[in-house]
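Okay, here's what each chain looks like letter by letter:
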Amino acid sequence: MSSNVPRETINMFSKPYDVVVVGAGHAGAEAAAASANMGSKTLLVTMNLQTIGQMSCNPAMGGIAKGQIVREIDALGGYSGIVSDVSAIQYKMLNRSKGPAMWSPRVQSDRMMFSQAWRDRLEQTPNLDFYQEMVKDLLFDGDIVTGVVTSLGLKIYTKTVILTNGTFLNGLIHIGEKNFGGGRAGESASTGLTSTLIDKGFTSGRMKTGTPPRVDGRSLDFNSMEEQPGDEDPLKFSYSPETQPLIRQRSCHITYTSNEVHDTLRSGFDRSPMFNGSIKSIGPRYCPSIEDKVNRFADKNRHQIFVEPEGWNTVEYYINGFSTSLPEDIQFDALRKVKGFANVKFFRPGYAIEYDYFQPTQLHHTLQTKLVKGLFFAGQINGTTGYEEAAAQGLIAGINAHNFLNGGSDFILKRSEAYIGVLIDDLITKGTEEPYRMFTSRAEYRTLLRQDNADLRLTPLGNSIGLASDERLVAVEHKVTQTALLRDFYEKTSVHPSDANPFLEAKGSSPMRQSDKLVKIYSRPGIDLIDMSSLNSVSSFIEEHNIDKDVQEQVEVQIKYSGYIEKEKLNADKLNRLEAVCIPATFNYNSLASLSHEAKEKLNKIRPKSISQASRISGIKPSDISVLLVQLGR
């Protein structure tokens with residue numbers, strides 16, 4: 001019996017999706033979860049369903065500034081924090097010796113558990129379907145995306161597409177003088193999409209990243225290395241009560257290279273793709289290969305190597321700090337000269353990988369492309385590096401894809417609201433010529449954007465869009481109430497010299513001569529939570545009102561850094577006033593004779609939405625901003 005339905009539509013995808021997410025790495029997983037949880041019918045298409053949420057490089061989440069991002073994702077209702085907690089084998093709070101704006105949580109992860117936890121989460125998500133195949137092309141209706149085409153020619157129709165291709169777009173793996181196509185070890189590259197996007201007018205480039213050898217822990221001498229245990233009192237990433245801090249942990253270890261190791265590495269430089277011209281793209285500045293470190297820092301006689309376990313029940317180890325694309329014989333010969341590695345056995349050598357990316361200045365703050373409606377980019381396709389940066393972009397793209405379909409407002413985080421806001425604003429305003437990595441120094445309001453207050457900053461927003469649960473919001477409101485209660489107690493309650501002088505003198509702090517408010521004592525350098533809790537009045541109040549530990553720490557930060565916090569709030573208010581000065585999308589920069597040619601060129605390219613964004617474009621001078629303000633005022 002014949003049918004009038006075109007043959008290409010007689011398949012399991014005959015009904016169009018709301019969102020199709022291409023790629024199931026950290027960006028793709030967060031994007032699919034966000035759009036599906038908000039109610040959009042979502043399809044996650046990936047080349048291998050066994051590698052959802054795969055940790056392609058180091059088995060860890062968080063770190064300097066990256067830990068803040070994971071906390072922010074969790075506060076908004078994303079899954080990276082929960083997945084990190086349930087697969088963690090070690091927890092550390094980095095930078096404890098510095099101020100709280102620098103404190104950054106990090107977990108060592110069980111690589112296989114991490115990926116499995118992501119798959120479990122996604123399979124339990126309503127509105128989410130899965131399909132395994134390579135996407136090689138996109139479908140368009142003019143400047144609107146309408147679907148994707150797989151390598152088998154299957155057409156899947158959709159209202160929006162989120163591309164999260166990681167390192168797979170025309171990926172090329174290098175090991176010494178050998179190179180071959182691949183998205184990561186053992187997996188093929190993705191082809192076709194780059195040429196499609198270039199034909200649509202997008203500008204692409206090439207970037208490079210790398211990974212170190214994986215080795216057999218049974219062949220290492222850990223007694224000759226420095227043990228690096230986790231925190232004695234570990235915390236966790238997620239604010240959700242469904243995860244708990246670790247009870248037991250696995251240690252990492254530290255060792256060092258030497259001049260002998262460096263000489264061995266140099267012996268292979270003539271066969272290195274980094275030095276013989278095989279690799280032409282730019283790698284991550286802040287995570288260089290071992291050969292790059294030896295070459296650039298020739299005066300250093302050693303470099304630190306972190307020996308990190310890949311999981312609870314595996315002998316595989318990740319050699320952090322020894323990323324390399326040198327020939328495998330040089331890798332092996334050099335590594336066995338590192339202390340503790342004399343009898344090392346490889347699971348596989350390190351390698352470098354080159355891949356396509358697209359300049360992120362071609363995106364709006366929502367991560368929707370400027371050239372094609374309904375098309376979003378997230379992750380390394382935007383020139384970033386790191387699981388955390390990718391996951392954050394995926395979350396924002398997923399939220400905005402859903403809002404785009406349902407007439408919702410753009411979901412954009414300000415620079416003063418989140419590290420995620422800094423990340424995306426940097427990308428789409430400044431672009432990047434090298435893999436972008438987040439640092440605390442990139443955030444001008446980092447005292448406001450601490451890891452301890454991500455829930456206070458972002459959970460109400462996450463709840464308002466339907467991602468963070470009502471239970472999460474109630475917990476945040478309780479934290480706000482308790483924080484205000486305890487701080488008010490410190491500000492209004494006095495302490496007698498006889499009560500405080502014992503611990504003041506023990507800390508080398510000047511003794512009190514008369515009664516004073518608790519907040520004055522707490523504000524002194526060197527006086528901490530433990531000291532204050534030793535006062536009967538404080539301990540009794542905390543016990544009576546059942547004040548949580550995280551609330552006590554929150555109040556400590558607020559009291560000790562109140563001056564810095566208030567100053568940054570004032571500066572953020574000034575920035576937000578400039579954000580409110582909108583620039584019309586059709587604004588004619590060429591009509592302003594007072595603007596320089598460079599300013600016109602860059603403003604026309606970026607098309608900033610506000611005066612504040614315009615001021616952050618590289619090459620835009622204060623005088624250019626004054627010209628715009630005068631014109632807009634007219």
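Starting from 1, residues in each chain are numbered consecutively following that chain's sequence as written. Where totals are concerned, whole chains, interfaces and linings use all residues; where local detail is concerned, this predicted model gives features only for residues with pLDDT of at least 70, and gives and counts side-chain atom pairs only at 80 or more. No hydrogens and no water enter the side-chain calculation; it runs on all heavy atoms of the structure.

**A look at the nonpolar core**
- Nonpolar cores are built from buried Ala, Val, Leu, Ile, Met, Phe, Trp, Tyr and Cys residues. Side-chain atoms within 4.5 Å join them into one set. Relative accessible area decides the class of each residue, using a 1.4 Å probe on protein chains only: under 20% of the type maximum gives buried, over 50% gives exposed, and in between gives partly exposed. If you look at the biggest cluster of nonpolar residues, it comprises 99 residues, and the most contacted ones within it are Ile162, Leu163, Leu375, Phe377 and Ile420.
- Strands here mean DSSP runs of E at least two residues long; helices mean DSSP runs of H or I at least four residues long; both are numbered from the N terminus. If you tally residues by element for this core, the top one is helix α9 (residues 387-406), at nine residues.
- Other than its neighbours up to four places away in sequence, Ile162 contacts Val19, Val20, Val21, Val22, Ala31, Phe376, Ala378, Ala397, Gly398 and Ala401.
- Counting 23 residues, the second largest nonpolar core, distinct from the first, contains Tyr490, Val495, Phe503 and Leu518. For this analysis, residues touch if any pair of their heavy atoms sits within 4.5 Å.

**Looking at helix α19 (residues 597-606)**
- Buried residues of α19: Ala599, Lys600, Leu603 and Ile606, and no others. Within α19, the buried residues cover an arc of 145° as seen down the axis, which keeps them to one side. Exposed positions of α19 whose direction lies more than 90 degrees from the buried face are His597, Glu601 and Lys605.
- Here the buried face of α19 lies against α10 (419-430), α20 (611-615) and α21 (622-633).
- Once α19 ends, the next one or two residues include Arg607, with phi positive near 50°. It is the directions from the helix axis to the C-beta atoms whose arc is reported.

**As for the packing of helix α2 (residues 66-76) against α9**
- Lines fitted to C-alpha atoms define the axes here, with helix axes fitted over just the stretch in contact, and angles between the N-to-C directions of these axes take values from 0 to 180 degrees. Interhelical geometry of α2 versus α9 gives an angle of 25° and a closest axis separation of 9 Å. If you check the angle between α2 and α9, you find them roughly parallel. Note that α2 runs across α9; the crossing there is left-handed. On α9, the residues touching Lys66, Ile69, Val70, Ile73 and Leu76 of α2 are Glu388, Glu389, Ala391, Ala392 and Leu395.
- Following the grouping adopted for this structure description, the nonpolar residues are Ala, Val, Leu, Ile, Met, Phe, Trp, Tyr, Cys and Pro, the charged ones are Asp, Glu, Lys and Arg, and the polar ones are all others, Gly among them. In terms of residue class, the contact of α2 with α9 is built from seven nonpolar, no polar and three charged. Put simply, angles under 35 degrees are roughly parallel, angles over 145 are roughly antiparallel, angles from 65 to 115 are roughly perpendicular, and the rest are oblique. With the far helix as reference, a near helix turned anticlockwise by less than a right angle produces a left-handed crossing, and one turned clockwise produces a right-handed crossing.

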